Amino acid sequence: MKTISTFQRLKDNNEKIAMLTAYDYSTAQVIDKSGIDGILVGDSLAMVALGYENTYNITIDEMLIFIKAVSRGAKESFIIGDMPFMSYNLSVEQGLENAGKMIKAGANAVKLEGCNDYILNLVKRCVESGIPVLGHLGFTPQLMNTIGGHKIQGKTSDKIESILESAKMLEEAGCFGIVLELMPAESAKYITENLKIPTIGIGAGKYCSGQIVVTDDIMGKFTDFTPKFVKKYENLHDVVLKGVHSYIQEVKNEQFPSEKESFELNNEEKEKLNIK
Ligand code: KIV
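These numbers were taken from a predicted model, which means no experiment stands behind them. (Residues numbered from 1 in each chain as written. Predicted model: local features only at pLDDT ≥ 70, side-chain atom pairs only at ≥ 80, totals over all residues. Heavy atoms only, no water.)

## Details of the site of the ligand
The condition that has to hold: Near, as used in this document, describes a residue that has one of its heavy atoms within 4 Å of the molecule or strand being considered. Pairs of N or O atoms are called polar contacts if they sit within 3.5 Å, as long as, within protein, a hydrogen donor faces a hydrogen acceptor (for residues adjacent in sequence, only side-chain-to-side-chain pairs). Under the convention used here, a 1.4 Å probe and the Shrake-Rupley method define accessible areas, while residue burial counts only the protein chains that appear. In this classification, Asp, Glu, Lys and Arg are treated as charged, Ala, Val, Leu, Ile, Met, Phe, Trp, Tyr, Cys and Pro as nonpolar, and every other residue, Gly included, as polar.
The immediate surroundings of the ligand are formed by Thr21, Leu40, Gly42, Asp43, Ser44, Asp82, Lys111, His136, Ile202 and Val214. In the model, an oxygen atom of the ligand is placed 3.2 Å from a nitrogen or oxygen of the Asp82 side chain. Here the ligand has 250 Å² of accessible area as a free molecule, and 95% of this is covered by the chains. Each residue belonging to the shell around the ligand can be placed in one class, and the counts come to 3 nonpolar, 4 polar and 3 charged.

Listed below in structure tokens is the structure:
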């Protein structure tokens, strides 16, 4: 069973941490079998699984359904629940209560975006209450409107120092790791080398302590948009489409279901009904 110590040990041994997202039971089962280090039930599920335009509309109650499904499927991986927009922004008490709901639903930790005095206080209260926290800096989708769109972060030395300062404060507050999203590889390298805890990159180059990507992106299943940092390992969209076409054809041609996929009535009952 993977824990926060696994993450720290991997960083300390200079071994990379591999993480993926999962939102449902069967995907979590497959990913868990693969030996992945951590599964994030990301709020990206708002777009990928629910078809919303962005992550703003997903609620804590909806997130809990997906966390429960993933925790039933994943037995070995470390499961992190992503705190959705406005589920931790109203008060520390609200954030702590909702983080607790995620743990009760089966997550082993929660992820929060950003860094300010309020977030640092919330991180401390979660950690004191036994809830590990993964921070998230760089591009933070829940702050997209104040950032002004999908912009690459940490492009100047001042900005990189400022992200590092936030990362150090999150580390000090008790975060066990920090997601670094959308920044030049060298910026993430500088930040990673100046932290004790691991960094998990997404669109942040190869020098982070580990990587996370959205599973449906790298498997080619979600095709609404594909960020530059996504490498497609498979093309599940085409695989599913091909399978569905074959199914339709076989139904129309009466090739499916065949005897192999059917149940037979016994002869006695057939005779009673005069079925040949
Ligand atoms: O919601 C999400 O999937 C994320 C990323 C870090 C993968 O936050």
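## Some words on helix α4 (residues 60–73)
Stated formally: Where helices and strands are cited, they refer to DSSP runs of H or I of at least four residues and of E of at least two residues respectively, numbered from the N terminus. Multiplying 1.5 Å by the helix residue count minus one yields the expected span of that helix. Relative accessible area decides the class of each residue, using a 1.4 Å probe on protein chains only: under 20% of the type maximum gives buried, over 50% gives exposed, and in between gives partly exposed. Note on definitions: a residue-residue contact is assigned when non-hydrogen atoms from the two residues lie within 4.5 Å.
In this model, α4 (14 residues) spans 20 Å end to end at C-alpha, consistent with the 20 Å of a helix rising 1.5 Å per residue. Of all the residues in α4, the buried ones are Ile60, Met63, Leu64, Phe66, Ile67, Ala69, Val70, Ser71 and Gly73. If you follow the buried residues of α4, they end up packed against α2 (25–33), β2 (38–41), α3 (45–48), β3 (78–82) and α5 (92–104).

## Thoughts on the domain arrangement of the protein
Applicable threshold: The split into domains, and so the bounds of each, comes from an automatic or database assignment of domains.
Domain annotation for the protein reports domain 1 (4–234) and domain 2 (239–273). Here the C-alpha centre of domain 2 lies 45 Å away from the C-alpha centre of domain 1.

## Details of α2
Quick note on the threshold: Think of the arc as the fan of directions from the helix axis to the C-beta atoms.
Taken together, the buried positions of α2 are Ala28, Ile31 and Asp32. Down the axis of α2, the buried set is contained in an arc of 100°. They therefore lie on one face. Exposed residues pointing more than 90 degrees away from the buried face of α2 are listed as Val30 and Lys33. The elements touched by buried residues of α2 are β1 (17–21), β2, α4 and α10 (215–218). Phi turns positive, to about 90°, at Gly35, one or two residues after α2.

## Topic: the nonpolar core
This is how the line gets drawn: Here, nonpolar core refers to any group of buried Ala, Val, Leu, Ile, Met, Phe, Trp, Tyr and Cys residues whose side-chain atoms link them within 4.5 Å.
Core analysis: the biggest nonpolar cluster contains 60 residues, and Val41, Met102, Val123, Leu170, Ile178, Leu180 and Ile191 have the highest contact counts within it. The next biggest cluster of nonpolar side chains, apart from the first, holds 14 residues, and it includes Phe7, Leu10, Phe78 and Val179.

## What about the packing of aromatic side chains?
Applied cut-off: Ring geometry is summarised as follows: Phe, Tyr and Trp rings, the Trp one being its six-membered ring, pair when their centres sit within 6.5 Å, and such pairs are stacked at plane angles under 30 degrees, edge-to-face over 60 and tilted between the two.
Enumeration over the complete set of coordinates arrives at 6 aromatic pairs. Where Phe78 meets Phe176, the ring centres are 5.6 Å apart and the plane angle is 85°; that geometry is what we call edge-to-face. Here the residue Phe78 occupies a position in strand β3, and Phe176 occupies one in the loop between α8 (157–173) and β6 (177–181), the gap between them amounting to 98 residues. Each member of the pair Phe78 and Phe176 is classed as buried. Aromatic rings pair up to connect Phe7, Phe78 and Phe176 into one cluster.

## Some words on the environment of Lys159
Within the secondary structure, Lys159 sits in helix α8. Along the chain, Lys159 and Ser187 lie 28 residues apart, while their C-alpha atoms are 9.2 Å from each other.

## A few points about the pairing of β1
What counts here: Paired strands are those between which DSSP finds at least two bridges. By convention, a crossover is right-handed whenever its connection, traced from the first strand over the helix to the second and viewed with the strands pointing away, goes clockwise.
Counted residue by residue, β1 has 4 buried out of 5 residues, so it is predominantly covered. Sheet topology places β1 next to strand β8 (residues 210–213); 4 bridges connect them, and they run parallel. When the sheet's bridge partners are listed, Met19 is paired in β8 with Ile212. In terms of handedness, the path from β1 via α2 over to β2 forms a crossover that is right-handed.

## Considering the side chain of Asn98
Position of Asn98 relative to the elements: it lies in helix α5. Ignoring sequence-local partners within four residues, the contact set of Asn98 consists of Ile60, Met83 and Ser87.

## Here's the deal with the layout of surface pockets
Heads up, the rule is: Throughout, the protein atoms alone are placed on a 1 Å grid, and a set of points is a cavity if a 1.4 Å probe fits but cannot get out or a pocket if it is open with protein on both sides within 12 Å along at least five of seven lines; lining residues have an atom within 4 Å of a point. Grid points are joined across faces, edges and corners, and a volume is the space filled by probe spheres set on the points.
Taken as a whole, the largest pocket spans an internal volume of roughly 940 Å³. Lining the largest pocket are 42 residues, and of these Glu181, Ile202, Asp217, Pro227 and Phe229 lie nearest its centre. Elements with a contribution of two residues or more to the lining of the largest pocket: α3, β6, β8 and α10. Considering every element that reaches the lining of the largest pocket, the biggest residue donor is β8, with 3 residues. Residues that form the lining of the largest pocket fall into these classes: 23 nonpolar, 10 polar and 9 charged. In terms of lining, the second largest pocket is formed by 26 residues, of which the most central are Gly114, Gly138, Thr140, Leu143 and Gln153. Counting residues per element, the ones that place at least two in the lining of the second largest pocket are β5 (133–138), α7 (144–147) and α8. With 4 residues, the top contributor of residues to the lining of the second largest pocket is α8. Here the residues of the lining of the second largest pocket sort into 10 nonpolar, 13 polar and 3 charged.

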